[in-house]
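In case you want the letters, here they are:
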There are 4 protein chains.
Amino acid sequence: MSVNAAEIKILEEEIELDNPIFIEALPGLGHVGKLAADHMIDELGATKFAEIYSPSFPPQVLIKEEGIIGNMLNELYYLKDVGEDKIDLIILVGNTQALSPEGQYLICKDILDFVKGYGITRIFTMGGMAIPQPVENPNVYGAATDEANIEILKGADIKIRSNDGGIVGASGLFLGLGLRQGIQGVCLMGETPGYFIDAESAEAILKKLSLLLNFEINTDKLDERAEETRQMIAKAQKMEQDLINKNNAGNADDLRYIG
Amino acid sequence: MSVNAAEIKILEEEIELDNPIFIEALPGLGHVGKLAADHMIDELGATKFAEIYSPSFPPQVLIKEEGIIGNMLNELYYLKDVGEDKIDLIILVGNTQALSPEGQYLICKDILDFVKGYGITRIFTMGGMAIPQPVENPNVYGAATDEANIEILKGADIKIRSNDGGIVGASGLFLGLGLRQGIQGVCLMGETPGYFIDAESAEAILKKLSLLLNFEINTDKLDERAEETRQMIAKAQKMEQDLINKNNAGNADDLRYIG
Amino acid sequence: MSVNAAEIKILEEEIELDNPIFIEALPGLGHVGKLAADHMIDELGATKFAEIYSPSFPPQVLIKEEGIIGNMLNELYYLKDVGEDKIDLIILVGNTQALSPEGQYLICKDILDFVKGYGITRIFTMGGMAIPQPVENPNVYGAATDEANIEILKGADIKIRSNDGGIVGASGLFLGLGLRQGIQGVCLMGETPGYFIDAESAEAILKKLSLLLNFEINTDKLDERAEETRQMIAKAQKMEQDLINKNNAGNADDLRYIG
Amino acid sequence: MSVNAAEIKILEEEIELDNPIFIEALPGLGHVGKLAADHMIDELGATKFAEIYSPSFPPQVLIKEEGIIGNMLNELYYLKDVGEDKIDLIILVGNTQALSPEGQYLICKDILDFVKGYGITRIFTMGGMAIPQPVENPNVYGAATDEANIEILKGADIKIRSNDGGIVGASGLFLGLGLRQGIQGVCLMGETPGYFIDAESAEAILKKLSLLLNFEINTDKLDERAEETRQMIAKAQKMEQDLINKNNAGNADDLRYIG
């Protein structure tokens, strides 16, 4: 096994899914994709069936509620018979992405190989798209691996990004890796300033996703969820800032190498 | 063998330990954990039984007393029949941690696999927790892999960290890797500004550890030990600062690539 | 397969080439080499026969015209019976180079091994050479693996770079790797300030290359092509700058690790 | 073969050396060690018998005199029957060191394994030691793997560095790796401000080395050699500075990823 690869721990064997759609929503700009996917998982009652670890994730653990420690990880959930069309979904969420370019490529490749085993036919990736300042009704932009999907996006009143740079990280790589293997894919990007947990942007892409996949979802609790995440991050940032202040004042870095 | 893995050199074979507890205390914030563990090793007379090297450690050697060169390394010690309950301990100390995320994960994994061979049942990791300025009586905070251990920590009047970010490096990773394999663990963190060798904070966590594991330890020499380390680091920092000043003034970096 | 290696996807098997010359022109300073090679491919009607991917490329995809996603990749084209001497060419172009030193070396090595299978006899690499400000008629500088080729360059009125540092990236490494295997090579470098798409510099090296290889090429559309690339990059830069502004203002980085 | 390993190309087989001493002098602070070793190779007429390449070296080539391209590499020379005691030497020089920590460790390990095949019994490494400003008669400092060698250094009026940080890079790692295998070693460090090619410091360590190994060497041409190297580096630095100025002014970095 490669140093940078994903270690996939299967929690539920023998799941039968009917041509599932694969949805990626790992942490990124404004937490837009992640917030939307976490909400879907809760509201629609998705089941976790695999956990993914990697030596390319940040070398740390998180302290959750009540002092309980949690690993950096990605998680796979499934949903069956969603919406009018009774489609099956596999959803990738988590608290991190790989730190190194090689790690990014190899983890996405390993996960894609794994979910291909369930017969996935399309990929949706969700993330944020940077805008200079908050807007009242954030737009949703799209990009796709092929023209047919661009037409579908236009049919849902999704704006098309064009000729303007890249999609960095898992939201880009899953589409690129899919493209090389003939799996069609779409990226939905909600406008966000990116420096706060953006519930409005998450709601905007969730509405477009439910329109595209023909299911209904209540978004009332989305704001509440965003607020919780905000508080947790504010705490973490404060702690980190304290650390940085100290490190700049003294020479804590030096302590690292000399015993 | 992976590029980033640990190379474990066993110094004493066939050690018999009875369900030992594994204690990690590698260099980190304020040298709190390391200072506490080094003191335990000296005071209780622990025996070194393995040395650990890795290509992911900083690419250098250290100059010790009298000009003698020493490698960057981690070390494993054991203690038998400690305290009232006659428990056995394996203690991990050293002068460095891995530089890269992958190195951090893989070295911790290799060491954990190795000490599991001795039948370890619990993991204690020790480190510092950043506070803005020095306090007279530093608090000890804790986190754990499970609720039962949180209760034990509370029983020893240890404050519980909650929802506030992460534990970075070996002190976090051993708990996370243990958690994935069903090994319970606890992290003890002493409050410290982090930019000096903090004997008070080391003493505070040592007192809590001895309470939790039911052994006695004299901490009189802890201050002395902290002072020695302070002087060694001050010298090293001065040397490094001189180097940085020169490199900024001239272009020493360029010399590196052009012969 | 190594983590950093090239994955070569062959699009056309059994191509017969007669002692082809290998030309490298990946993105670099002022896009000089790339612009020249892309123009050659279009004007002379070269055929793409292989695509190259790598986990060492930037972990992202690009959004091309009309929202269609494209992978980061390198591409190999061939041309038969070019110019008076009816020489065959293999041309390496693409939208990226590897991010890491190891990736740079290993991808170049893999590509060189691959094109050696077609019997290549010489290597030409093309790039930009930094000058402080734009000049009206940029000079072309050369370097080579051996004295015979230096004489050929002088015969084409190409200035010789000497004793002044290095050639960084693929344009250097292909020559260095070739040198170790007895394959002779030449680097052509067009003067460029490097911070804009430099059609004049690209034209200058294209004229020298066509002189050296004895073929004719119309450069009328080179300016037009440069203009298109300029617009695309301006858009991408603006987007990236917006992102940087936001990240500096807030703490978007923190969002990455904490879910 | 590991990604970061050394590729050793043997130029002369079946060399018979009698318990040779291994001398390392790769580029570092003030080029002190390298300058001393290059001078020894020239003055004493050493023979090159191996070249070493690695994907962990900087990804570039150098342009030497008359536009001829040279690889980044390390080189091994040997000398037989040197000085009064007719000792044999293996000398490691080159134009670079590895960029990554893992590369540093693995290349040094590969080279040490290789020279151990010739029966080396001791290691000398040579480098610079930073001082704030130039001095008229730079001191030579030493460190060693064992007390016996410290005594030998003292006998040659070499000052002993003690308790003051580390020796970074190949000069440290060869001693550390040797120490782990029972090969004794010594590091000689000439005082140098480090930001220019320091012939005085090189001469100082060369005099100490010749005293320790009991051979004579004329150092008249050392200044001349230092001057040549200075000019070459000045040119390279100017070029690099021009590049940096441009990159800061514009956005040349962006050109890298977008085709």
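Residues numbered from 1 in each chain as written. Chains lettered and ligands numbered in written order. Predicted model: local features only at pLDDT ≥ 70, side-chain atom pairs only at ≥ 80, totals over all residues.

Draft legend 1. The arrangement of the overall build of chain A in detail. Scanning chain A from N- to C-terminus turns up seven helices and 12 strands. Pairs at least 24 residues apart make up 77% of the contacts formed inside chain A by residues separated by at least 6 positions. (Helix = DSSP H or I, 4+ residues; strand = E, 2+ residues; numbered from the N terminus. Contact = placed C-beta atoms within 7 Å.)

Draft legend 2. Inspection of the sheet that holds strand β6 (residues 74-82) of chain D at higher detail. Residue and element names in this part refer to chain D. With mixed pairing, nine strands are arranged side by side in an open sheet as β1-β3-β6-β7-β2-β8-β12-β9-β10. The two strands at the open ends of the sheet, each matched to only one other strand, are β1 (7-10) and β10 (159-160). Both strand β9 (residues 140-144) and strand β12 (residues 184-192) contribute to a ladder of five bridges, which runs antiparallel. Within β12, the residue paired with Val140 across the bridge is Gly190. Most of the contacts of helix α3 (residues 147-155) go to β9, to which it runs at about 165 degrees, and overall it touches β9, β10 and β12. Where helix α5 (residues 199-213) meets the sheet, it contacts β2 (21-24), β6, β7 (87-94), β8 (122-130), β9 and β12, and its direction lies at approximately 150 degrees from that of β12. (Pairing = 2+ DSSP bridges. Axes fitted to C-alpha atoms, helices over the stretch in contact; angles between N-to-C directions.)

Draft legend 3. Up close: helix α1 (residues 32-44) of chain B. All names here are of chain B. For α1, which comprises 13 residues, the first-to-last C-alpha distance of 18 Å matches the rise-based estimate of 18 Å (1.5 Å per residue) to within 8%. Val32, Gly33, Lys34, Leu35, Ala36, Ala37, Asp38, His39 and Met40 are the residues of α1 that are buried. Trailing α1 by a residue or two, Gly45 shows a phi angle of about 70 degrees, which is positive. (Expected span 1.5 Å × (residues − 1). Buried ≥ 20, exposed ≤ 12 C-beta atoms within 10 Å, placed from the backbone.)

Draft legend 4. Quick peek at the pairing of strand β12 (residues 184-192) of chain B. Residue and element names in this part refer to chain B. Burial analysis of β12 places eight of its nine residues in the buried class, the great majority of the element. Note that strand β8 (residues 122-130) and β12 share nine bridges and pair parallel. Paired with Phe124 across the strands is Val186, a residue of β12.

Draft legend 5. Main features of the environment of D:Val186. Residues and elements named next belong to chain D. Mapped onto the secondary structure, Val186 falls in strand β12. Judged by the 25 C-beta atoms lying within 10 Å of it, Val186 is buried. C-alpha separation for the pair Val186 and Leu153, spaced 33 residues apart in sequence, amounts to 8.5 Å.

Draft legend 6. Spotlight on the pairing of strand β7 (residues 87-94) of chain A. Residues and elements named next belong to chain A. When you tally the buried positions in β7, you get eight out of eight residues, the bulk of the element. Strand direction decides the pairing type here: strand β2 (residues 21-24) and β7, joined by four bridges, are parallel. Note that in β7 the partner of Glu24 across the bridge is Leu92. Summarising the sheet, strand β6 (residues 74-82) and β7 pair through seven bridges and their orientation is antiparallel.

Draft legend 7. The nonpolar core, seen in detail. With 150 residues, the main nonpolar core has C:Ile91 and D:Ile91 as its most contacted residues. Setting aside residues up to four positions removed in sequence, D:Ile91 forms contacts with D:Ile23, D:Ala25, D:Ala37, D:Met40, D:Ile41, D:Ala46 and D:Tyr77. Membership of the second largest hydrophobic core comes to 75 residues, among which are A:Ala25, A:Ile123, A:Ile158 and A:Leu179. (Core = buried A, V, L, I, M, F, W, Y, C linked by C-beta atoms within 7 Å.)

Draft legend 8. Fine view of the packing of helix α2 (residues 101-116) of chain A against helix α4 (residues 170-180) of chain A. Residue and element names in this part refer to chain A. Closest axis-to-axis distance for the α2/α4 pair is 10 Å, and the angle between their directions is 60 degrees. By the criterion of interaxial angle, the relationship of α2 to α4 is oblique. For the crossing formed where α2 meets α4, the hand is right-handed. Each of Gln104, Tyr105, Cys108, Lys109 and Leu112 in α2 lies in contact with α4, whose residues at this interface are Ala170, Leu173, Phe174, Leu177 and Gly178. (Parallel < 35°, antiparallel > 145°, perpendicular 65-115°, else oblique. Left-handed = near helix turned anticlockwise from the far one by under 90°.)

Draft legend 9. Structural view of the sheet that holds β6(A). All names here are of chain A. Pairing within the open sheet is mixed, and its nine strands lie in the order β1-β3-β6-β7-β2-β8-β12-β9-β10. For this open sheet the edge positions go to β1 (7-10) and β10 (159-160), each flanked by a neighbour on one side alone. Sheet analysis places strand β3 (residues 47-53) next to β6, joined by five bridges and oriented antiparallel. By the bridge assignment, Glu51 is partnered in β6 with Glu75. Running at roughly 145 degrees to strand β8 (residues 122-130), α4 makes contact with β2, β8 and β12 (184-192) of the sheet.

Draft legend 10. Spotlight on the environment of B:Asp38. Residues and elements named next belong to chain B. Within the secondary structure, Asp38 is located in helix α1. Considering only alpha carbons, one finds Asp38 and Ile107, 69 residues apart in sequence, at a separation of 21 Å. Non-local contacts of Asp38, meaning those with residues more than four positions away in its chain, are made with Val93 and Arg225.

Draft legend 11. Up close: helix α3 (residues 147-155) of chain C. All names here are of chain C. Along α3, the residues classified as buried are Asn149, Ile150 and Leu153. The buried residues of α3 all sit within an arc of 105 degrees when viewed along its axis, so they share a single face. Exposed side of α3, more than 90 degrees from the buried face: Glu147, Ala148, Glu151 and Gly155 are the residues found there. On its buried face, α3 is in contact with β9 (140-144), β10 (159-160) and β12 (184-192). Asp157 sits one or two positions beyond α3 and adopts a positive phi of about 60 degrees. (Arc of directions from axis to C-beta.)

Draft legend 12. Structural context of unusual backbone geometry. Positive phi, close to 55 degrees, is recorded for A:Glu14, a residue that is not glycine. Along the chain, A:Glu14 falls in the loop between β1 and β2. A tally of 6 C-beta atoms within 10 Å means that A:Glu14 is categorised as exposed. Phi is positive for D:Asp157, close to 60 degrees, though the residue is something other than glycine. The residue D:Asp157 is located in the loop between α3 and β10 in this model.

Draft legend 13. Broad picture of the confidence of the model for chain A. All names here are of chain A. Here chain A shows a mean pLDDT of 89. Residues at 70 or above account for 87%. Of the regions scoring below 50 in pLDDT, residues 246-259 engages in 37 contacts with residues more than four places distant in sequence or in other chains. Scoring of the predicted complex yields 0.90 for pTM and 0.88 for ipTM. (pLDDT = per-residue confidence, 0-100.)

Draft legend 14. Structural detail: the environment of B:Asp223. Here B:Asp223 is to be found in helix α6 (residues 222-249). Each C-alpha atom of the pair B:Asp223 and B:Pro59 lies 31 Å from the other, and the pair is 164 residues apart in sequence.

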